[in-house]
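This is what each chain is made of:
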Amino acid sequence: MVAVNGNTPKITLYTNHGCPYAHRAHITIKELGLPYEEVIIHLSKPRDPWYLDINPIITESIIVSQFLADAYPSHLLPPTGSEESALKRARIKFFTDTWNTKVGSYWFKIATQNSEEEKEKLAKEMVSVVEKEIDPLLKDAAPFFGGSSKLTLAKAITAPFIIRIIAFVKRAVLPKSIADGLNGLPNFSKWAAGVVKQDSVTYIWDEDRIVEQSVKKFAQVKAQAKA
Ligand SMILES: N[C@@H](CCC(=O)N[C@@H](CS)C(=O)NCC(=O)O)C(=O)O
C-alpha cells in the first residue's frame, strides 16, 4: 500500500520485497524515478494496529501502480485527454486484465500440486492460454508493449510474475515444459526475455531468498490441502 502526505507528495511504500504484488509498485516507482520511503511489512506476523490506522492510503497493487502512473505521467502510461492516448491506455488495461484473469494464477496452482502428472497437465494448459490470449497482444512489441521503446505499465504489472516463472523453472520448482512452451511463442518469448534485464524489475529481486520463501509457502499450502 502507499500513503501520500501533503501537497508536496511524500510517498511511503508499505511493502515486502518477497511479495509479487508489492513488486509491481516497486517497478512503477523506480520507472517514475520518484523519491519514496519504504516500510517493510513482515507478512508472517499479524499486522500491527498502527499499520491498520494509516490514512490516507491506497491499497491493491494494480490500483497503487495505476495511481502513481496517473499522478506522474511518463513513458509508463500516456495521460488521459486524447483519443490516441485513451486507446493506448485501454490496450494496456486489456492486456493486464487478460494476464490477471486468464494466466496469473497458473504458476501458483502448478507449484502447489502434488502429482507430477497434474503439474504437467496444467503447465500445458498455461502455455496454450498464453499462446491464444497473450502472444497476439504482443505482436507489435518493440521491444515493449504497443511498440514503445520504454517499459510500460503492462510490464510493471506482469513482470513480477514473469521473473518468478522464469526463476522457478530454472530451479525446478515449476516444470521445464513451461519454459519450452513459452520460449516457442514468437512474441511472448522476445517480450518476456527483457524482464530480467530491467533495473526497475531487478533492484529488489533476491532470487535465492524468493525461491526459498516461495518453496516454503508452496509446501505449507500443500500440507493444508492434505489436512
Ligand atoms: N490483490 C492484492 C494481493 C496482495 C497479497 O495477497 N499480498 C500477500 C503478500 S504477497 C499478503 O499476504 N497480503 C496480506 C497483507 O498484506 O496483509 C494486491 O494486488 O495488492
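For every chain, the first residue of the written sequence is number 1, and numbering continues from 1 onward in sequence order. Local features in a predicted model are, by the rule used here, given only for residues with pLDDT of at least 70; side-chain atom pairs are given and counted only at 80 or more, and totals for whole chains, interfaces and linings are based on all residues. Hydrogens and waters are ignored; side-chain quantities use all the structure's heavy atoms.

Under an unreviewed UniProt entry, the chain has the name Thioredoxin-like protein and belongs to Bimuria novae-zelandiae CBS 107.79.

Student: I keep staring at the UniProt feature "domain: GST C-terminal" (unreviewed entry) in the chain and nothing clicks. Help me out?
Tutor: UniProt positions are given in the numbering used here, feature names are shortened, and annotations may be inferred rather than shown by experiment. The sites that carry the UniProt feature "domain: GST C-terminal" (unreviewed entry) are, in the present numbering, residues 81–218. With 70% helix and 0% strand, residues 81–218 has end C-alpha atoms that lie 45 Å from one another. We count a stretch as a helix when DSSP gives it H or I for four or more residues in a row; a strand needs E for two or more, and each element gets its number in order from the N terminus.

Student: Whenever I open this one, the site of the ligand confuses me. Can you help?
Tutor: Any residue with at least one heavy atom within 4 Å of a molecule or strand is counted as near it. Around the ligand, the neighbouring residues are Cys19, Pro20, Tyr21, Leu43, Arg47, Glu60 and Ser61. Here a nitrogen atom of the ligand sits 2.8 Å away from a polar atom, N or O, in the side chain of glutamate 60. Throughout this description, a polar contact denotes any pair of N or O atoms lying within 3.5 Å of each other; where both atoms belong to protein, one of them has to be capable of donating a hydrogen while the other can accept it, and for residues adjacent in sequence the pair is counted only when both atoms sit in side chains. Between an oxygen atom of the ligand and a side-chain N or O atom of serine 61, the distance comes to 2.6 Å. Shrake-Rupley sampling with a 1.4 Å probe provides the accessible areas, and residues are treated as covered by the protein chains on show and by no other component. Across the complex, the protein chains shield 54% of the 510 Å² of accessible surface that the ligand would expose by itself. Looking at the shell around the ligand, its residues break down into four nonpolar, one polar and two charged. In this count, Pro and Cys sit with the nonpolar residues alongside Ala, Val, Leu, Ile, Met, Phe, Trp and Tyr, while Asp, Glu, Lys and Arg are called charged and the others, Gly among them, polar.

Student: Before we go on, may I ask you to explain the side chain of serine 200 in this structure?
Tutor: Relative to the assigned elements, serine 200 resides in helix H10 (residues 199–202). In what follows, a contact means two residues having at least one pair of non-hydrogen atoms within 4.5 Å. With near-sequence residues (within four places) excluded, serine 200 lies in contact with His26, Ile27, Lys30, Glu31 and Leu151.

Student: What is the right way to look at the packing of aromatic side chains in this model?
Tutor: Centre distance and the angle of the planes are the two values used to describe a pair of aromatic rings. Pairing of aromatic rings covers Phe, Tyr and Trp, the last through its six-membered ring, and needs centres within 6.5 Å; plane angles under 30 degrees mean stacked, over 60 mean edge-to-face, and all others mean tilted. The full count for this structure, using the stated rule, is 14 aromatic pairs. Between the aromatic rings of tyrosine 14 and tryptophan 50, the centroid separation amounts to 6.2 Å while the plane-to-plane angle is 45°, which identifies the pairing as tilted. Of this pair, tyrosine 14 sits in strand S2 (residues 10–15) while tryptophan 50 sits in helix H2 (residues 49–52), placing them 36 residues apart in sequence. The rule is simple: take the accessible area with a 1.4 Å probe, protein chains only, and divide by the maximum for that residue type; under 20% is buried, over 50% is exposed, in between is partly exposed. With relative accessibility at 14%, the residue tyrosine 14 sits in the buried group. Taking relative accessible area as the criterion, tryptophan 50 reaches 43% and is therefore assigned partly exposed. Ring plane angle 50° and centroid distance 6.0 Å describe the contact between phenylalanine 188 and tryptophan 191, whose orientation is recorded as tilted. One end of the pair, phenylalanine 188, and the other, tryptophan 191, are both in helix H9 (residues 186–193), three residues apart, so they sit about a helical turn from each other. As far as the burial class goes, phenylalanine 188 and tryptophan 191 line up, both buried.

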